[in-house]
Amino acid sequence: MATIAQLRCAQVSSSTIANANPLEGRKSGLSNGGFVDFKGKFSAVPLFAQTIYSRGDGGARKLSRLRCALAEPKTKVEKKTILHELYEQQGQSPWYDNLRRPVTDLIPLIESGVRGITSNPTIFERAIISSDAYDDQFRQLINEGKGVEDTYWELVIKDIQDACELFEPIYDATEGADGYVSVEVSPRLALETEGTVEAAKWLHKRVNRRNVYIKIPATAECIPSIKQVISLGISVNVTLIFSLPRYEAVIDAYMEGLESFKGDDLSKITSVASFFVSRVDTLVDKKLEKIGTDDALALRGKAATAQAVLAYKLYQEKFSGPRWEALEKRGARKQRVLWASTSVKNPAYPDTLYVNPLIGPDSVTTMPDQALQAFMDHGNVSRTIDANFEEAKNAYNAIEKIGIDWAEVGSLLELEGVESFKKSFDSLLVSLDGKADLLKRANS
């Protein structure tokens, strides 16, 4: 199986860097480049360090050094990956659910077909705590007198800006349909309507990149926030969606935001709705096992995909008809449904369970390492999302009939998701506070 580490040394040729990577026209060429496929047909050797520069606020800015030169390939044909096929054949955009330094590690993933990237407080907690790549900037900010929380945002914003640079050519080539980098407002604001609006405005202005998505949770308190932020012309990734009623409220908030936008052209405003998948099975399976009957146990592993299929049906219904057509005439784009939480938590289930059955046009699948590796190794590219709608509907209804309240499932998972992100955010700030104290004592 191809690993993410192998992907990082794959497909970095001078031609593809120049034509496809985000550093196009910015000292981005790699000499002695070649193509490395995932089965080791070609090899990579550490021959030189190539400095890559990208545009920054103050001009040319060094991003990182790629310490990988590619051996001469046996063929000049560069094979497309299954990720390219997913997008070209089925209209589904594969995104990567991870972000850490050095961001240039994303280049081979982009060339392998990744078309966007998501982040969240848990991802940044892992990245910053487990790596020394942030230490120099952290030290500089603390020495400048920045507070710990302000320092956190400076670290995050730099990663987001650098990643936006990398995905910018995809954004341009697709006229704003893909190439997005998502950054979430503080999870401490998940129950604050106005606080979330102000945080989204600040974060959007501070990142200052065309292809950034501001992530806002789909809590009841933040549904009005989504509408208001969209009405301001800020593109949004709505996160932590766990139920069909809440998903419909998210779609309505998006449309209301578009309808409230003061300008004539809506084409620059886009959005995705992140519908979480695997966590649904984790909770529902526990409830089914507690019920314990044969009928209940037979439904294990079916809840998440069943609800997702119904969500896609809802997406198709809502983005059609007179209301949507009126917005479309003003240039509006559909709020694509994004499948989130696609890694398999139960080892008894197929490792592509939350990717293979949810393939359909005008959608996004965002995959962390585990899911990405599995899909690239043995995924199937075919339209599956609406192939068995009746089967999904029957499973959804059977789960409810057996005594499981879908509304309760959605509420519990939303609370769990909000608390999980808040815990990661708070934990990281505590760790950074400790590092700041050590640094200050060392300097005194």
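No experiment lies behind these values; they were computed from the predicted model shown.

(A) Region of interest: the packing of helix 11 (residues 278-291) against helix 17 (residues 406-443). Running from amino to carboxyl end, helix 11 crosses helix 17 at an angle of 125 degrees, the nearest separation of the two axes being 10 Å. Overall, the two elements helix 11 and helix 17 adopt an arrangement that is oblique. Judged by the sense of rotation from one axis to the other, the crossing of helix 11 with helix 17 is right-handed. For the pair helix 11 and helix 17, contact is made by R279, V280, L283, V284 and K287 and by W406, E408, V409, L412, L413, G417 and F421, respectively.

(B) The nonpolar core, seen in detail. In this structure, L106, Y152, I160, F167, Y247, L258 and W339 are the most contacted members of the largest nonpolar core, which totals 129 residues. Top contributing element to this core by residue count: helix 7 (residues 148-173), with 13 residues. Among residues more than four places away in sequence, those in contact with L258 are I230, L266, I269, W324, L327, R330 and A332.

(C) Quick look at empty space enclosed by the protein. Per the stated rule, a full pass over the model turns up 3 cavities of 30 Å³ or more. The calculated volume of the second largest cavity comes to roughly 50 Å³. For the lining of the second largest cavity, the secondary-structure elements that each account for two or more residues are helix 5 (121-130), helix 7 and strand 6 (181-184). Looking at the lining of the second largest cavity element by element, the count peaks at 3 residues for helix 7. The residue makeup of the lining of the second largest cavity, split by class, is 8 nonpolar, 2 polar and 1 charged.

(D) Focus on the packing of aromatic side chains. Counted by the stated rule, this structure contains 15 aromatic pairs. Between the aromatic rings of Y152 and W153, the centroid separation amounts to 5.0 Å while the plane-to-plane angle is 75 degrees, which identifies the pairing as edge-to-face. Residues Y152 and W153 agree in their burial class; the two are buried. Each ring, one from Y396 and one from W406, has its centre 4.2 Å from the other, and the planes form 10 degrees; the classification is stacked. Of this pair, Y396 sits in helix 16 (residues 389-401) while W406 sits in helix 17; the two residues are 10 residues apart in sequence, bridging distant segments of the chain. The same class applies to Y396 as to W406, namely buried. The ring of F389 has K313 sitting right over it, with the charged end atom 5.3 Å from the ring centre.

(E) Focus on the packing of helix 11 against helix 13 (residues 303-318). Across the interface, helix 11 lies against helix 13 with an axial gap of 7 Å and an inter-helix angle of 130 degrees. Here helix 11 lies oblique to helix 13, going by the angle between them. Between helix 11, through V280, D281 and V284, and helix 13, the contact on the second element is made entirely by A303, A304 and Q307. A class-by-class count of the residues in the contact of helix 11 with helix 13 yields 4 nonpolar, 1 polar and 1 charged.

(F) Representation of the pairing of strand 10 (residues 336-340) in the model. With 5 of its 5 residues buried, strand 10 lies for the most part within the structure. Residue alternation in strand 10 divides its side chains into two sets, R336, L338 and A340 and V337 and W339, and both sets are buried. Pairing of strand 10 with strand 11 (residues 363-367) involves 3 bridges; the strand directions are parallel. Bridge assignment links L338 to a residue of strand 11, and that residue is V364.

(G) Looking closely at the sheet that holds strand 7 (residues 212-217). With parallel pairing, the 7 strands of this open sheet are ordered in space as 5-11-10-9-8-7-6. Each of the sheet's edge strands pairs with one partner strand only, and the pair in question is strand 5 (92-96) and strand 6. The average undirected angle you get between the axes of adjacent strands in this sheet is 30 degrees.

(H) The arrangement of the pattern of salt bridges in detail. Taken as a whole, this structure holds 24 salt bridges when the rule is applied. Residues K435 and D135 are paired through a salt bridge, measuring 2.8 Å at the closest nitrogen-oxygen approach. Here K435, found in helix 17, pairs with D135, found in helix 6 (residues 135-143); they are 300 residues apart in sequence, far enough to count as distant. The partly exposed category is assigned to K435, whose relative accessible area is 30%. Note on D135: relative accessible area 21%, which makes it partly exposed.

Rules and cut-offs
Residues numbered from 1 in each chain as written. Predicted model: local features only at pLDDT ≥ 70, side-chain atom pairs only at ≥ 80, totals over all residues. Heavy atoms only, no water. Axes fitted to C-alpha atoms, helices over the stretch in contact; angles between N-to-C directions. Helix = DSSP H or I, 4+ residues; strand = E, 2+ residues; numbered from the N terminus. Parallel < 35°, antiparallel > 145°, perpendicular 65-115°, else oblique. Left-handed = near helix turned anticlockwise from the far one by under 90°. Contact = heavy atoms within 4.5 Å. Core = buried A, V, L, I, M, F, W, Y, C linked by side-chain atoms within 4.5 Å. Buried < 20%, exposed > 50% of the residue type's maximum accessible area, 1.4 Å probe, protein only. 1 Å grid on protein atoms, 1.4 Å probe; cavity = no way out; pocket = protein on both sides within 12 Å on 5 of 7 lines; lining within 4 Å. Points joined across faces, edges and corners; volume = space filled by probe spheres on them. Nonpolar A, V, L, I, M, F, W, Y, C, P; charged D, E, K, R; others polar. Phe/Tyr/Trp six-rings, centres within 6.5 Å; stacked < 30°, edge-to-face > 60°. Lys NZ or Arg CZ within 6 Å of the ring centre and 35° of its normal. Pairing = 2+ DSSP bridges. Salt bridge = Lys/Arg side-chain N within 4 Å of Asp/Glu carboxyl O.

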